Amino acid sequence: MPGVTGTSQLDQTVNAVRAKAIFTMQDYGVFPGAVDRVEGPGGNRSFTEPKIAPITAYDLTEAVDMDQAQQLSDTLMTVSPTEVGAQVIYSKLAQMTRSENMVNIISRAITDALKKKQDTDGTTQMDNFATALGGTGKTLTRGYLSAGIALVRGNTTEISKEALYATFHPFTMNDLVDQLSDGMAINNDATVAVWGAPGAAGTVVGQQRTEMEMIRKYAVGSLHGVPLLTDSNFAIVSSLSKGGIFTKRAVVYAELWGVDVEPEKDGSLRGTEMNGTMCYAYGERTDTHGVELNMGCASPAS
């Protein structure tokens, strides 16, 4: 019986069919969306913002001349955007023999790289806050979150009543999810108080409702009124990662231009450069409006 002719016999004739290229997923994270986006005056590279220091009010005595004149003073915050970039060079031969639009593919890859760096640079701002909690051997708990809130709301230098945000690496957030889930159980004793509020036997009350959400969704959402955000671009150093709790105005983001990808032909190289750039900078506006939470960030094993 004659042999069967298949693709292995006609491997030079049969076309290799490939699916459309996919991209390695990148985390654009939460920055700069979580901080205050500002713009400098037209034609000025830097964003500058003066800040007036407070003065003090005193008790007065009737018929006694007020003689406590105070001088106003100010400080200047300056944020100067700098350039970041990514480049890919592809040959004319690669362009002529491609199966997909190389310009679109390279533009997407460059955009992903720039957006990831933009967010990664934002995560480093948490390390600039002077007040820091946690450290070696510490994991994220409700206690650390509430302490961070209290430090922003109650410090004697400059409090803030603005909305707070908290952001951490997913590995760090996993410790909080574990803590909130560990106590999950139906209250079978109406005399047992959960968060100080006894409930009918067989009901889920107080803290346990939060715990059930952990189990259903593996998400915290918000705690103590603070949205909890995850960002995988936080650096992990010695199984620690520096997240934080902060107000939107604690940190500013100034941008001269966003993602800009331009092709440039190189005749002698017989190729095309794809050059992607951004120009931006982050800067701390009010140190007391943020607290660094340096927490454990080990890869989960169970």
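Residues numbered from 1 in each chain as written. Predicted model: local features only at pLDDT ≥ 70, side-chain atom pairs only at ≥ 80, totals over all residues. Heavy atoms only, no water.

Novice: I'm lost on the pairing of strand β11 (residues 240–247) in this one. Help?
Specialist: Within a regular strand, side chains alternate between the sheet's two faces. Across the 8 residues of β11, 7 count as buried, placing the element largely inside the fold. Two elements, strand β6 (residues 164–168) and β11, share 4 bridges in a ladder whose sense is antiparallel. In the sheet register, Y165 faces β11, and the bridge partner there is F246. Here β11 runs beside strand β14 (residues 290–296); their pairing, made up of 7 bridges, is antiparallel. Among the inter-strand pairings, I245 is bridged to a residue of β14, identified as V291. (Buried < 20%, exposed > 50% of the residue type's maximum accessible area, 1.4 Å probe, protein only. Helix = DSSP H or I, 4+ residues; strand = E, 2+ residues; numbered from the N terminus. Pairing = 2+ DSSP bridges.)

Novice: Honestly, the sheet that holds strand β13 (residues 271–284) in this entry has me stumped. Any pointers?
Specialist: Sheet strands associate in pairs through backbone hydrogen bonding, adopting either a parallel or an antiparallel arrangement. Sheet architecture is open: 4 strands sit in the order β1-β12-β13-β4, paired in mixed fashion. Two strands bound the open sheet, and with one partner strand each, they are β1 (36–38) and β4 (82–91). Within this sheet the neighbouring strands show an average axis-to-axis angle of 30 degrees, counted without direction. As judged from the 3 bridges shared by β1 and strand β12 (residues 251–266), these two strands associate in the parallel manner. If you follow D36 over to β12, its bridge partner there is V252. Sheet strands in contact with helix α2 (residues 102–123) are β4, β12 and β13, and its direction is about 20 degrees off that of β13. (Axes fitted to C-alpha atoms, helices over the stretch in contact; angles between N-to-C directions. Contact = heavy atoms within 4.5 Å.)

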